[in-house]
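# What the coordinates show
One letter stands for each residue in the lines below.
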Amino acid sequence: MAGYFHVLTAIDIFVLSFMCILTKLSESLNKKQKRGFFLAFTLIAGISVLEVVTLAVNDTPSGLRWLNIVSNYLGFGLSPAVSLCLVYVLDKKTALRRGFKAAVCCEIGYLIFLALSIPYGLIFSVSADNVYARGRYFYIYVIVYFAAILYLSASTIITGREFQNRSRALIYPLMLFLTAETVIQIALPDLHVTWLCVTLLSVLYFTYCSEMWNQLDALTGLLNQNSYLNRTAEMSRSGGLLIVFDVDNFKQVNDCYGHLQGDACLAAIAACLKKAYACCGYCYRIGGDEFCVLLKNTAREAACAEEFLRQLEKKRKELTFLPTVSCGSAPLSGEDVVAVKDQADRAMYHHKKARKERAAAIVPE
């Protein structure tokens, strides 16, 4: 059994080393995300090695008792931190969110509690003869470990919803798999497959996050043009509504305020689109200052449009030079998507022309 476990650990270390190299070479991850994945993979590898050490030194001469205690302490203490590292990579922003800071504080508190509990054998004990045993309050570790998994699951689902990720429901079977495996490991402590399964989960999670981010426009956080092309092919068969948006006089914003402020305008408009339309469809940036929405519930078009205008007015109090936005729509009813897009564009330009005519008709007193 020991030889089998050593082979599993060797495979584990190889896979994690490969993932560390892949993370370093990735062009789609920023520094913060690379740091988070690298820490997660390194932690998993380290805890896997610590488990080998505990098995090797357990029930050996008492001179190695200290190593048995340290290895178990680090293994039990750092296990929840793997989930925190994966939560860390979810947000592309460099600033840490309040919830994540609170989770880190909980992890630090748990490490302190675990260290103070060692003399009393609350979570685990190592006898004077250097024999490991679970403590009478071992369930505290189990609760902390599952709380970390739950936190990772909730954070992933919330982020997936924020980024309009259609595959966000896949996180449920991933976490169910890890939960089931952990329960089996607790029931059968001699099995020793926990960290191989965690490695598998981390690789799948890396794939899941990479796929989610590859669908996004870097500036606005909306879905990108490639996602739009793939989704329109599906919705042209199932029906829906295509709404196109174009920022009015956007060139003047860039000329008067600079391209950085122009980018800020695009990001602000994208945020308003998402707040108004994401509950009923998918929001995309398909060009420089061109956006579109694929609306599943066509009956909600008017209500979403009203909410979009309300969000724009609210945002304009912060960004006073935020321009107006013209829009047009056309139903997706099985015809060629290009023809539908052309029809929506014509409706949008008609809206833009009517807006300019109304503005020109207002003569200042």
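All values derive from a computational prediction rather than experimental measurement.

### Description of the overall build of the protein
A count of helices and strands for the protein gives 12 helices and 6 strands. In terms of overall dimensions, the protein is more spread out than a globule: its C-alpha atoms have a radius of gyration of 27 Å, far above the 21 Å expected for 365 residues. Within the protein, the proportion of its 365 residues that are buried is 47%. For the protein, restricting intrachain contacts to residue pairs at least 6 apart in sequence, the fraction spanning at least 24 positions comes to 71%. Carbon together with sulfur atoms contributes 64% to the accessible area of the protein, which is approximately 18800 Å² in total. Between the averaged position of the 36 positive side-chain charges in the protein and that of its 30 negative side-chain charges there is a distance of 4 Å.

### Observations concerning the pairing of strand β3 (residues 240-247)
Counting buried positions along β3 yields 8 of 8 residues, so the element is predominantly enclosed. As judged from the 8 bridges shared by β3 and strand β6 (residues 325-332), these two strands associate in the antiparallel manner. Paired with Phe245 across the two strands is Cys327, which belongs to β6. Judged from the 6 bridges that link them, β3 and strand β5 (residues 290-295) form a sheet pairing that is antiparallel.

### Topic: helix α9 (residues 250-257)
Residues of α9 that are buried: Phe250, Val253 and Asn254. Taken around the axis of α9, the buried residues stretch over an arc of 95°, which confines them to a single face. Exposed and oriented more than 90 degrees from the buried face of α9 are Lys251, Asp255 and Cys256. Looking at the buried side of α9, the elements it contacts are β3 and α10 (259-277).

### Some thoughts on the pattern of salt bridges
Under the definition given, this model contains 11 salt bridges. The salt bridge involving Arg285 is made with Asp217; its shortest N-O contact spans 3.3 Å. One end of the pair, Arg285, is in strand β4 (residues 281-285); the other, Asp217, is in the loop between α7 (194-214) and α8 (225-238), and 68 residues separate them in sequence. Residue classification places Arg285 among the buried residues on the basis of a relative accessible area of 15%.

### Things to note about a nonpolar patch on the surface
Where nonpolar side chains cluster on the molecular surface, the patch consists of Leu64, Trp66, Val70 and Leu74 and spans about 350 Å² of accessible area. Summarising the element assignment, Val70 is placed in helix α3 (residues 65-88).

### Some remarks on the packing of helix α5 (residues 139-162) against helix α6 (residues 171-187)
Packing of α5 against α6 brings their axes to within 10 Å, and their N-to-C directions diverge by 170°. When the axis of α5 is compared with that of α6, the two are roughly antiparallel. Contact with α5, carried on its side by Val142, Tyr145, Phe146, Ile149, Leu152, Ser153, Thr156 and Ile157, involves Ile171, Tyr172, Met175, Leu178, Thr179, Thr182, Val183 and Ile186 of α6 and no other residues of that element. Grouping the constituent residues of the contact of α5 with α6 by class yields 12 nonpolar, 4 polar and no charged.

### Here we look at the sheet that holds β4
Either a parallel or an antiparallel arrangement is found when strands of a sheet pair, and the pairing is made through backbone hydrogen bonds. If you trace the 4 strands from one edge of the open sheet to the other, you get β4-β5-β3-β6, paired in antiparallel fashion. Only two strands of the sheet have a single partner each, and these edge strands are β4 and β6. With strand direction ignored, the average angle separating the axes of adjacent strands in the sheet is 15°.

### Details of the nonpolar core
Judged by nonpolar contacts, the single largest core of 68 residues is most densely connected at Phe37, Tyr141, Tyr205, Trp213, Tyr228, Leu242 and Tyr284. Per element, the largest residue contribution to this core is 10 residues, and it comes from α3. If you look at the next biggest cluster of nonpolar residues, it comprises 28 residues, including Leu241, Ala270, Leu273 and Cys283.

### Digging into the packing of aromatic side chains
In total, this model carries 20 aromatic pairs according to the counting rule given. With a centroid separation of 5.7 Å and 70° between ring planes, the pair formed by Tyr228 and Tyr284 is classed as edge-to-face. Of this pair, Tyr228 sits in helix α8 while Tyr284 sits in strand β4, and the two are 56 residues apart along the sequence. In this structure Tyr228 comes out as buried when scored by relative accessible area, which is 6%. An aromatic cluster of at least three residues, connected via ring pairs, comprises Phe76, Phe124, Tyr132, Phe138, Tyr141, Tyr145 and Phe146. Sitting above the plane of the Tyr88 ring, Lys32 keeps its charged end 4.3 Å from the centroid. Across the ring face of Phe138, the terminal group of Arg134 is positioned such that the distance to the ring centre comes to 4.5 Å.

### Quick notes on the packing of helix α2 (residues 31-57) against α3
Between α2 and α3, whose axes approach to 8 Å, the crossing angle comes to 155°. Of the possible angle classes, the one that applies to α2 and α3 is roughly antiparallel. Crossing handedness for the pair α2 and α3: left-handed. The residue inventory of the contact of α2 with α3, partitioned by class, reads 17 nonpolar, 7 polar and 2 charged.

### A look at the environment of Leu67
As for its position among the elements, Leu67 is in helix α3. On the accessibility criterion, Leu67 (23% relative accessible area) is partly exposed. Taking the C-alpha atoms as reference, Leu67 lies 9.6 Å from Asn130; in sequence the two are 63 residues apart. Apart from residues lying up to four places away in sequence, Leu67 is in contact with Val53 and Val57.

Cut-offs applied
- Residues numbered from 1 in each chain as written.
- Predicted model: local features only at pLDDT ≥ 70, side-chain atom pairs only at ≥ 80, totals over all residues.
- Heavy atoms only, no water.
- Helix = DSSP H or I, 4+ residues; strand = E, 2+ residues; numbered from the N terminus.
- Rg over C-alpha atoms; globule rule 2.2 N^0.38 Å.
- Buried < 20%, exposed > 50% of the residue type's maximum accessible area, 1.4 Å probe, protein only.
- Contact = heavy atoms within 4.5 Å.
- Areas by Shrake-Rupley, 256 points an atom, 1.4 Å probe, with all protein chains shown as cover.
- Lys, Arg positive; Asp, Glu negative; His and termini not counted.
- Charge placed at Lys NZ, Arg CZ, Asp CG, Glu CD.
- Pairing = 2+ DSSP bridges.
- Arc of directions from axis to C-beta.
- Salt bridge = Lys/Arg side-chain N within 4 Å of Asp/Glu carboxyl O.
- Patch = residues over 30% accessible without salt bridge, like charges linked within 9 Å, V, L, I, M, F, W, Y side chains within 5 Å.
- Axes fitted to C-alpha atoms, helices over the stretch in contact; angles between N-to-C directions.
- Parallel < 35°, antiparallel > 145°, perpendicular 65-115°, else oblique.
- Nonpolar A, V, L, I, M, F, W, Y, C, P; charged D, E, K, R; others polar.
- Core = buried A, V, L, I, M, F, W, Y, C linked by side-chain atoms within 4.5 Å.
- Phe/Tyr/Trp six-rings, centres within 6.5 Å; stacked < 30°, edge-to-face > 60°.
- Lys NZ or Arg CZ within 6 Å of the ring centre and 35° of its normal.
- Left-handed = near helix turned anticlockwise from the far one by under 90°.

Just geometry here; none of it tells us what the structure is for.
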